[in-house]
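Single-letter residue listing:
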Amino acid sequence: MDAVGVLNQVFVGLSRTVILFIVSSGMSLILGVLRIPNVAHGSLYMIGAFIAYTLSKLFGGGDLGFWIALVGAPLGVAVISLAAERGIFQYLYEREHLMLILLTFAFSLVFGDLVKIVWGGEYKSVPVPYVFQGFVPLFGGLPFPLYNLFLLCCGPVIAVLLWLLVNKTKIGKIARAAAVDREMVGAVGINVSWVFAIVFVIGCFLAGLGGVLVAPTVSVTLGMDHTLIIEAFLIVIIGGLGNIWGALLGALIFGLTQSLGIMIWPQFGIIFPYLAVVVVLLFRPTGLLKSTW
Amino acid sequence: MLEVKSLMKSFDGFKAVDNADLDVRKGEIVAVIGPNGAGKTTLFNLITGILKPDSGRVLFKGEDITGLPPHKICRKRISRSFQVVNVFNRLTVFENTQISILSRERHTWNLVTPSSKLAVDETNELLRRVGLYEKRNRVSGALSHGDRKVLEIAMALAGNPEFLILDEPTAGMSPEETTRCIDLIQGLRERYGLTILFCEHDMEIVFRVANRIMVMVRGATIIQGTCQEVRCNAGVQDAYLGGSDVCLM
Amino acid sequence: MVSKKGKIWWIAVLLVLCLVPLILPRFYVYLLSVILLFGLFAMSNNLPLGFGGIYQLHHAVFYGVGAYGTALVITKSDLSPWLAFLIGPLIAAALGLIMGLICIRLSKLYFGMLQISLGSLVWAFVYRWYSFTGGDDGIHGITVPDIISSYQGAYYFALIITGLSLYVLYRVLKSPYGIALQGIRDNPVRSAMIGVNVRRHQLLALIIAAFFAGTAGTLFVVVDNTVFPDMIFWTLSLEAVIMCLLGGWLTFLGPMLGAAMIVVIRTFVSTYTVYWALVLGIIFMLVIFFLPNGVLGWVEDLYKRRKNVADMKE
């Protein structure tokens, strides 16, 4: 394959990276501010994809369905996460770290089976919206899927929006302060519990958004959560906890090493991202970019 | 015995210890005093290897021990107690003391012998000396604050040290506990020839117990001298009283 | 160490366990074998976790690698299977040493995260190396020596090995090393200050834990005659942590109890509903909420409280 072909392949693969970034940034926020590795993040991503399927079907399975799902699914996931957080999580913030990690694991088990109960075990599919079907000639005239191009455009937009949210809004500043010193923030009179709730919900919203966006490109199945959660987790670690740009950088490294790896060595290609993670962690154990801890 | 020369340590630009000097002669009791945040605990952390200094040297009996890790400092027979009580909360008083003794004897690599058979007499003896023998089977997390501070000192003693560093040993103690503690410290020097370095906020104790005093303000050593010298030093008065012509006390 | 009364209890329990294959049907014997080996797996996890204060979050790596090691030696070489049973855990211990050396420089959650990363690397490798490890399919029909190939034989083998391993773990925890390790858990700074080389002691805990996890993996090969990549997957690791928590991570036998509870619950819940993960998840949540020290921990707390009241009355 020539250089242009490689470039094409790489960029097509990058669209998956966008999904990884979106989901990871949500996880990074939660890990950075609440200091909980949210093991249920993958399940919420999966729920987002399934809700997208339902909404899409409900509205005729066409373009309208997709756009409604794009808004509705993440909102649905956000509501679920709010219920979980207010109902159960918030009572355990004072407990040991390990307990919270295990609690999110328990949630992932519960969510996994809830999906099975509500949607059953078969593959579902969400059709690509008509406006994004087809290809556009890009690199050297090679066909580039329109939907992937859409994803590639979404990435930077969402990155910028998140950056604005975290750095330029009041809630973002409070969240960052709470990440560093939650006691101090509480002492100043701010309800830290609600700050945590908001950050958690936003993080889960992003997981759901990732689920919606990925839905047209893969079969929506059970088990989506398991593979994604490890990848998101590793991306967050190498990027720096709580750092949005870190999540982007981590996702890029992960996605690129995976695409290139599979091209170079098809059988063991998937170990390249894991290798990259180990290398990064050996030299920068706290992540490539500054973490909030 | 212990010499600290021009020790420096910064955290993200904040100079916690800024040119600290200290010297302690064998058999002495030296106190480090200074306002809150003066860097006393940081200084102790630097000496005992919990922190690495940016520059400067620490010499013990002529040997350079700057930057050595804490477990190696302990092997030089320097022991330490902490300002915030640092004991093994889930272990009993007996186990706390016993493990300090076993560590001294390098028995901590023994995976075979039941520890209930080792160093029992020495542990009990030490506990009797500090007055904790009756409570030896209590979980140390359940003791009163004063008792836990005494346990800390017992653990520091278990290492058979030549040099003892005590970080605010009477902090948070009731008057009776304080008197007990002071008697214990003075007794240690008399009976075992220990050299002691400590820091305190209670001036009465300092002037009663210490041979010499070192004053730290904002991370730097202002003066080290006898009680009299320190009382009448202008810099000290500035730091504590905001300037005055009257000698302290 | 163990009181006279305790020793009698232990002998009674062992006697009962020995008689099990003669009384219960095959399925229950198999179940008990699985409980024993998962119990060993969980207890080996608890050495660094509950007694060392280390965030050992991906212990399944050592379990799976031990199992694969044994399986591969049996199926790919001419060495005696008995030797294979020893090589498996040794490979796991070696991996424990290597991963430990890499991860031990970090503490707390960072340690756990790096361990998960390395473990995922190992998993990806095993998963993809179809020609050698059987990849996604794993290896099936692994032959073991005749004497332990029947379900009763496998059970007795598991019982003996688990019993011996537990005894060794018990001795280690009661030794000066064990006390020092618990000291490191409670206060690493204090430990260093009394002369304990914290990193080295933790590293030894990791190696021992890995060895016994590998042993548990080997037992699985004997009991089930298969290995598969899921044995190295992170979900199994978190399950092991939950077993420790469920039973009581500050107690010696807690993880064994936790393993028994989870195996039993999963087996019996799945006969009623296919949604056993849901039930398991809810049970975990309840335990985390109400019994943070685990079942055995709660029992011990009760016992201690009654003892304290009795002491105070004297």
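Residues numbered from 1 in each chain as written. Chains lettered and ligands numbered in written order. Predicted model: local features only at pLDDT ≥ 70, side-chain atom pairs only at ≥ 80, totals over all residues. Heavy atoms only, no water.

**A short note on the overall build of chain C**
Condition: Secondary structure counts use DSSP, requiring at least four H or I residues in a row for a helix and at least two E residues in a row for a strand, with both numbered from the N terminus. As defined in this context, the radius of gyration uses C-alpha atoms, and a globule is described by 2.2 Å times the residue total to the power 0.38. With a 1.4 Å probe rolled over the protein chains alone, any residue whose accessible area is under 20% of its type maximum counts as buried; one over 50% counts as exposed, and the rest are partly exposed. Contacts were defined at the residue level, with two residues in contact if any of their heavy atoms lie within 4.5 Å.
A count of helical and extended segments in chain C gives 14 helices and 0 strands. The linear arrangement of helices and strands in chain C, starting from the amino end, is α-α-α-α-α-α-α-α-α-α-α-α-α-α. Computed over its C-alpha atoms, the radius of gyration of chain C comes to 20 Å, within 12% of the 20 Å expected for a compact globule of 314 residues. Based on the C-alpha atoms only, the size of chain C along its principal axes is roughly 65 × 50 × 40 Å. The buried share among the 314 residues of chain C stands at 59%. Here the contacts in chain C between residues at least 6 apart in sequence split such that 77% fall between residues at least 24 apart.

**Observations regarding the overall build of chain A**
What counts is decided by this rule: Surface accessibility follows the Shrake-Rupley procedure with a 1.4 Å probe radius. Residue values consider only the protein chains on display as shielding.
Secondary structure summary: chain A contains 11 helices and 2 strands in total. Element order for chain A, N to C, with α for helix and β for strand: α-α-α-α-β-β-α-α-α-α-α-α-α. By the compact-globule yardstick of 19 Å for 293 residues, chain A fits well, its C-alpha radius of gyration being 19 Å. Looking at chain A alone, contacts between residues at least 24 apart form 76% of all its contacts between residues at least 6 apart. On chain A, roughly 11700 Å² of surface is accessible, and the fraction owed to carbon and sulfur atoms is 71%.

**Some points on the interface of chain C and chain A**
Heads up, the condition is: A quick way to say it: buried area is the sum, across both parts, of accessible area lost when two parts are put together, with a 1.4 Å probe. In the analysis that follows, any N or O atom pair within 3.5 Å is treated as a polar contact, provided that within protein one partner can donate a hydrogen and the other can accept it, and provided that, for residues neighboring in sequence, both atoms belong to side chains. Amino acid classes used here: Ala, Val, Leu, Ile, Met, Phe, Trp, Tyr, Cys and Pro are nonpolar; Asp, Glu, Lys and Arg are charged; the rest, including Gly, are polar.
Counting residues at the interface gives 43 residues for chain C, matched by 45 residues for chain A. Together chain C and chain A conceal approximately 4200 Å² of surface at their shared face, both sides included; 82% is due to carbon and sulfur atoms. It is C:Tyr110, C:Arg128 and C:Phe289 in chain C that bury the most area against chain A; as a group they hold 16% of the surface buried on that side. Counting across the interface, chain C meets chain A through 4 residue pairs in polar contact (both at pLDDT 80 or more). Counting only elements with at least two residues in the side of chain C that touches chain A, the list comes to helix 5 (108-128), helix 11 (234-247) and helix 13 (276-290) of chain C. Element by element, the count of residues in the side of chain C that touches chain A is highest for helix 5 of chain C, at 14 residues. Broken down by class, the residue content of the side of chain C that touches chain A amounts to 36 nonpolar, 4 polar and 3 charged.

**Some words on the packing of helix 2 (residues 26-49) of chain C against helix 11 of chain C**
Residue and element names in this part refer to chain C. As a reminder, the rule being used: An axis is simply a line fitted to the C-alpha atoms; with a helix, the fit covers only the stretch in contact. Between two such axes, the angle follows the N-to-C directions and lies from 0 to 180 degrees. Angular relationships are summarised with four words: roughly parallel below 35 degrees, roughly antiparallel beyond 145, roughly perpendicular across 65 to 115, and oblique for the angles in between.
One way to put it is that helix 2 packs onto helix 11 with a least axis distance of 9 Å and a crossing angle of 80°. In terms of their interaxial angle, helix 2 and helix 11 are classed as roughly perpendicular. When helix 2 is examined against helix 11, the residues Phe-38, Phe-41, Ala-42, Asn-45, Asn-46 and Leu-49 are found in contact with a partner set consisting of Leu-236, Ser-237, Ala-240, Val-241, Met-243 and Cys-244. Along the lines of polarity and charge, the residues of the contact of helix 2 with helix 11 split into 9 nonpolar, 3 polar and no charged.

**Examining the packing of aromatic side chains**
Note the cut-off: Between the rings of Phe, Tyr and Trp (Trp by its six-membered ring), a pair exists once the centres lie within 6.5 Å; its type follows the angle of the planes, with under 30 degrees stacked, over 60 edge-to-face, and the other angles tilted. Definition used: whenever NZ (Lys) or CZ (Arg) falls within 6 Å of the ring centre and also within 35 degrees of the ring normal, the charge is taken to sit over that ring.
Within this structure, the stated rule accounts for 34 aromatic pairs over all chains. Ring geometry for C:Phe233 against C:Trp234: centres 5.8 Å apart, planes inclined by 40°, an arrangement best described as tilted. Considered together, C:Phe233 and C:Trp234 belong to a single accessibility category, that of buried residues. Taken together, A:Phe105, C:Trp123, C:Tyr127, C:Phe233 and C:Trp234 form an aromatic cluster joined through their ring pairs. If you follow B:Arg128 out to its NZ or CZ, it ends over the ring of B:Tyr133, 4.1 Å from the centre. Note that B:Arg136 overlies the ring of B:Tyr133, its terminal NZ or CZ placed 4.2 Å from the centroid.

**Overview of the sheet that holds strand 9 (residues 212-217) of chain B**
Residues and elements named next belong to chain B. Where we set the bar: Note: two strands are recorded as paired if DSSP finds a minimum of 2 bridges between them.
Reading across the sheet, the 6 strands line up as 6-7-8-3-9-10 and stay open at both edges, with mixed pairing between neighbours. Looking along the sheet, the strands with just one partner apiece sit at the ends: strand 6 (78-81) and strand 10 (220-226). Here the strands of the sheet are splayed against their neighbours by 15° on average, with no regard to which way each runs. Bridging between strand 9 and strand 10 involves 6 bridges; their strand directions are antiparallel. Considered in strand 10, the bridge of Val-217 is made with Ala-220. Lying over the sheet, helix 5 (residues 145-158) contacts strand 6 and strand 7 (163-167), oriented at roughly 160° with respect to strand 7.

**Side note on the side chain of C:His201**
Following the sequence through the fold, C:His201 ends up in helix 10 (residues 198-224). A distance of 3.0 Å separates a polar atom in the side chain of C:His201 from a polar atom in the side chain of B:Thr108. The contacts of C:His201, once residues within four sequence positions are left out, are B:Thr108, B:Trp109, C:Tyr177, C:Ala180, C:Leu181, C:Ile184 and C:Val196.

**Here's the deal with the environment of C:Ile160**
Residue and element names in this part refer to chain C. One can find Ile-160 in helix 7 (residues 151-174). A relative accessible area of 52% places Ile-160 in the exposed class. As for Ile-160 and Leu-14, which are separated by 146 residues in sequence, their C-alpha atoms are 9.9 Å apart.

**Structural notes on the sheet that holds strand 4 (residues 55-60) of chain B**
Hydrogen bonds between backbone groups are what pair the strands of a sheet, and the pairing can be parallel or antiparallel. Residues and elements named next belong to chain B. Taken together, the 4 strands give an open sheet; going across it, the order is 2-1-4-5, and neighbouring strands pair in antiparallel fashion. With one partner strand each, in any of the chains shown, strand 2 (14-24) and strand 5 (63-64) form the two edges of the open sheet. Judged from the 8 bridges that link them, strand 1 (residues 2-11) and strand 2 form a sheet pairing that is antiparallel. Along strand 2, the bridge assignment pairs Leu-2 with Val-24. Strand contacts of helix 1 (residues 40-47): strand 1, strand 2 and strand 4, with the helix running at about 115° to strand 1, the strand carrying the most contacts.

**What to know about unusual backbone geometry**
All names here are of chain B. Of note, Asn-19 is a non-glycine position whose phi angle comes to about 70°, a positive value. By the element assignment, Asn-19 lies in strand 2. Located in the positive-phi region is Lys-61, a residue other than glycine, with phi close to 50°. Within the element layout of this structure, Lys-61 appears in the loop between strand 4 and strand 5.

**So, the pattern of salt bridges**
Put simply, the rule reads: A side-chain nitrogen of Lys or Arg and a carboxyl oxygen of Asp or Glu constitute a salt bridge if their distance falls within 4 Å.
As enumerated under the stated definition, the model contains 21 salt bridges over all chains in all. Here B:Glu162 makes a salt bridge to B:Lys61, at a shortest N to O gap of 2.6 Å. Taken together, the residues B:Glu162 in the loop between helix 5 and strand 7 and B:Lys61 in the loop between strand 4 and strand 5 connect sequence positions 101 residues apart. One salt bridge in this structure joins C:Asp186 and C:Arg185, with 3.0 Å as the shortest N-O distance.

**Section: the nonpolar core**
Rule in force here: Only buried residues count toward a nonpolar core. Its members are Ala, Val, Leu, Ile, Met, Phe, Trp, Tyr and Cys residues joined through side-chain atoms within 4.5 Å.
Within the largest apolar cluster, 206 residues are counted, with the highest numbers of intra-cluster contacts made by A:Leu34, A:Leu213, C:Phe38, C:Phe41, C:Tyr63 and C:Val227. Ranked by the residues each element gives to this core, the list is headed by helix 4 (residues 97-119) of chain A, at 14 residues. Excluding residues within four positions of it along the chain, C:Val227 makes contact with C:Ala67, C:Tyr68, C:Ala71, C:Asp137, C:Gly138, C:Ile139, C:Ile142 and C:Val221.

**Quick notes on the pairing of strand 9 of chain B**
All names here are of chain B. In terms of residue burial, strand 9 counts as a mostly covered element, since 6 of its 6 residues are buried. Both strand 3 (residues 29-33) and strand 9 contribute to a ladder of 4 bridges, which runs parallel. Bridge pairing in strand 9 links Ile-33 to Val-215. In textbook terms, the turn of a hairpin is the stretch between consecutive antiparallel strands, and for strand 9 and strand 10 this stretch comprises 2 residues, one of which, Arg-218, has a positive phi near 50°.

**Focus on the environment of A:Asn167**
Within the element layout of this structure, A:Asn167 appears in helix 5 (residues 146-168). Leaving out residues up to four positions away in the same chain, A:Asn167 has contacts with A:Lys173 and A:Arg176.

**Structural notes on the confidence of the model for chain C**
Definition in use: pLDDT measures how confident the predictor is about each residue, on a scale from 0 to 100.
With 98% of its residues at a pLDDT of at least 70, chain C reaches an overall mean of 90. At the low end of the mean pLDDT range in chain C sits helix 14 (residues 294-313) of chain C, at 79; at the high end sits helix 10 of chain C, at 95.

**As for the packing of helix 3 (residues 93-104) of chain B against helix 5 of chain B**
All names here are of chain B. Put simply, the rule is: What makes a crossing left-handed is the near helix being turned counterclockwise from the far one by less than a right angle; a clockwise turn instead makes it right-handed.
Contact pair helix 3 / helix 5: the axes reach a minimum separation of 8 Å and the direction vectors enclose 20°. In terms of axis orientation, helix 3 runs roughly parallel to helix 5. Judged by the sense of rotation from one axis to the other, the crossing of helix 3 with helix 5 is right-handed. Along its contact with helix 3, which presents Val-93, Asn-96, Thr-97, Ser-100, Ile-101 and Arg-104, the element helix 5 presents Leu-151, Met-155 and Ala-158. In terms of residue class, the contact of helix 3 with helix 5 is made up of 5 nonpolar, 3 polar and 1 charged.

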